[in-house]
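# Breakdown of the fold
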Amino acid sequence: MAPRMDPLSLEVVELIGTVVGRYYEEYERAAAEHSLTGAQARVLGLLALEPMPMRRIAQKLKCEPSNITGIVDRLEARGLVERRPDPADRRVKLAAPTADGLNTATHLRDSLNFAREPLAELSAEERTVLRDLLRRMLGA
């Protein structure tokens, strides 16, 4: 039987869960303001960083490639994403944001205040420590 977590570790896990829950709630709200689902907004935000094949999007978002295909189809129908050949391998199609998609992704990111406001209350040193601790927890 695994040892029970100490009270401090339990509190940290609960706080992390609360932070994640609040982030997703705000993300869903912000996405809805742009008539997007949370999943569509996450895909669009990811593609705003760089175009990528559906399989890679699925890996990054930890879901099935078939789910990503449907999400990209809906984003493409709205004119926010387009499929284009990968210059490195013409057999591969990349999903890439259109100009409207980049604009929507920027507005979406700018409307997310949950993380920005509490983090602004931390000093640069505290944010650096928090970042480093989170990276360490993730094995990075």
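As a starting point, this report considers the structure included with it. This one's a predicted model, so the numbers in the text were calculated from it and none came from an experiment. (Residues numbered from 1 in each chain as written. Predicted model: local features only at pLDDT ≥ 70, side-chain atom pairs only at ≥ 80, totals over all residues. Heavy atoms only, no water.)

## Some thoughts on the pattern of salt bridges
How we decide: Salt bridge, as used here: a side-chain nitrogen of Lys or Arg that lies within 4 Å of a carboxyl oxygen of Asp or Glu. In this scheme, a residue with accessible area under 20% of its type's maximum is buried, one over 50% is exposed, and one in between is partly exposed, where area comes from a 1.4 Å probe on protein chains only.
In this structure the tally under the stated criterion is seven salt bridges. Note that R84 is salt-bridged to E82, the shortest N-O span being 2.7 Å. On the basis of relative accessible area, E82 is assigned to the partly exposed category, the value being 32%. Two residues, R131 and D132, come together in a salt bridge whose shortest N-O distance is 2.8 Å. What you see here is one network of salt bridges that share partners, running through D73, E76 and R83.

## Examining the pairing of strand β2 (residues 89-97)
Walk down a regular strand and you will see the side chains alternate between the two sheet faces. We count it as follows: Any two strands with at least two DSSP-identified bridges between them are counted as paired. Each helix is a run of H or I in the DSSP string that is no shorter than four residues. Each strand is a run of E no shorter than two, and both are numbered from the N terminus.
As paired elements, strand β1 (residues 81-86) and β2 share six bridges and run antiparallel to each other. Within β2, the residue paired with R84 across the bridge is L94. In this structure, the hairpin formed by β1 and β2 is closed by a connection of two residues.

## Examining the packing of aromatic side chains
Rules: Between rings of Phe, Tyr and Trp, where Trp is taken as its six-membered ring, a pair exists when centres lie within 6.5 Å; planes separated by under 30 degrees are stacked, by over 60 edge-to-face, and by other angles tilted.
Scanning all chains against the criterion turns up two aromatic pairs. Between Y23 and Y24, the aromatic rings sit 5.7 Å apart at their centres with planes inclined by 75 degrees, giving edge-to-face as the arrangement. Taking the relative accessible area as the measure of exposure, Y23 reaches 32% and is therefore partly exposed. Between Y23 and Y27, the ring centres sit 5.5 Å apart and the planes meet at 40 degrees, which makes this aromatic pair tilted. In this pair, Y23 and Y27 are both assigned in helix α1 (residues 7-33), four residues apart and thus about one turn of the helix distant. Assessed through its relative accessible area of 8%, Y27 is described here as buried. Members of the aromatic cluster, connected to one another through ring pairs, are Y23, Y24 and Y27.

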